[in-house]
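Architecture at a glance
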Amino acid sequence: MENTIRYPISGAMLAGGENKRFPVLKGFLKLNGVTVIEKNLKLLDSLCDDVLISTNTPEFYFGHQRIMLGDILPSRGPMSGIHSALLNSGNENLFVTACDMPFLNNEILSFICKRHFELYRDIQYDATIPVYNGKAQPLCGIYRKSVLLSLERHILEQKNSMYMFLRQINTNFINEAEIKKIDPDGDSFVNINTIDDYEMFKRREGEFVLTI
């Protein structure tokens, strides 16, 4: 990661999920002996000026010595976390990802930043979001402060769909074909939500052993 380009951007790790379908906090699963949340925080550190954790249970994350933020508006899943992080970020642009994505890598994050800032002077998109398997991937992308009022309106109106939200703002969707050149299997966008997910990827990855 030594040659990673840094950008005028803040980072946010979303760790506010209720975790009802998993027996432990998913961010504390280990990949090659390192917790997923620590691995992903380091990835954001390599790209961003500052990195914060969005969580409504800060007591679990004190050890990471980060600024931690709870939801300001009623909790509506990722949308509320993104809203709070944008309000408090030190930059106009915010890279958002989640604590339960074990296979994020530097290449995909750098590519998303590159795509966003290549166009930034000419077209200031509200968000830059990759597409994989025909779907936008809202928890691995960049949001600008320009979306704050729209986010607030959606949250207060209980419109929780990130996919609908992204289609109502000026989003730069990164073509799936471009993403597949870097991540053919879409591993960067994998979420470990259930024990079945955990067991499947533990079997599949071989030397990449997920441990609880």
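Going by the structure above, here's the rest.
Residues numbered from 1 in each chain as written. Predicted model: local features only at pLDDT ≥ 70, side-chain atom pairs only at ≥ 80, totals over all residues. Heavy atoms only, no water.

1. Description of the state of the cysteines
- All told, the structure shown has zero disulfides when counted by the stated rule.
- Cysteine Cys-113 shares no disulfide, and the gap to the nearest cysteine sulfur, in Cys-48, comes to 6.1 Å.
- By relative accessible area, Cys-113 is classed as buried at 0%. (Disulfide = S-S within 2.5 Å. Buried < 20%, exposed > 50% of the residue type's maximum accessible area, 1.4 Å probe, protein only.)

2. Quick look at the pairing of strand β6 (residues 93–98)
- Across the six residues of β6, six count as buried, placing the element largely inside the fold.
- Here β6 shows no split at all, with Asn-93, Phe-95 and Thr-97 on one side and Leu-94, Val-96 and Ala-98 on the other all buried.
- Two strands pair when backbone bridges link them, and β6 and strand β9 (residues 140–144) are joined in this way by five bridges, in the antiparallel orientation. Bridge pairing in β9 places Phe-95 opposite Ile-142. (Helix = DSSP H or I, 4+ residues; strand = E, 2+ residues; numbered from the N terminus. Pairing = 2+ DSSP bridges.)

3. A word on the side chain of Asn-172
- Checked against the element boundaries, Asn-172 lands in strand β10 (residues 171–174).
- Classification of Asn-172 as buried rests on a relative accessible area of 10%.
- Residues in contact with Asn-172, not counting those within four places in the same chain, are Arg-115, Leu-119, Tyr-125, Ala-127, Thr-128 and Ile-129. (Contact = heavy atoms within 4.5 Å.)

4. Quick notes on the pattern of salt bridges
- This model, assessed by the stated rule, comprises seven salt bridges.
- Residue Asp-45 is joined to Arg-66 by a salt bridge in which the shortest nitrogen-to-oxygen separation is 2.8 Å. Of this pair, Asp-45 sits in helix α1 (residues 36–47) while Arg-66 sits in the loop between β4 (50–54) and β5 (68–69); the two residues are 21 residues apart in sequence, bridging distant segments of the chain.
- Given a relative accessible area of 29%, Asp-45 falls into the partly exposed group.
- Judged by relative accessible area, Arg-66 falls into the buried class, the value being 19%. (Salt bridge = Lys/Arg side-chain N within 4 Å of Asp/Glu carboxyl O.)

Any functional reading would require information beyond the geometric quantities listed.
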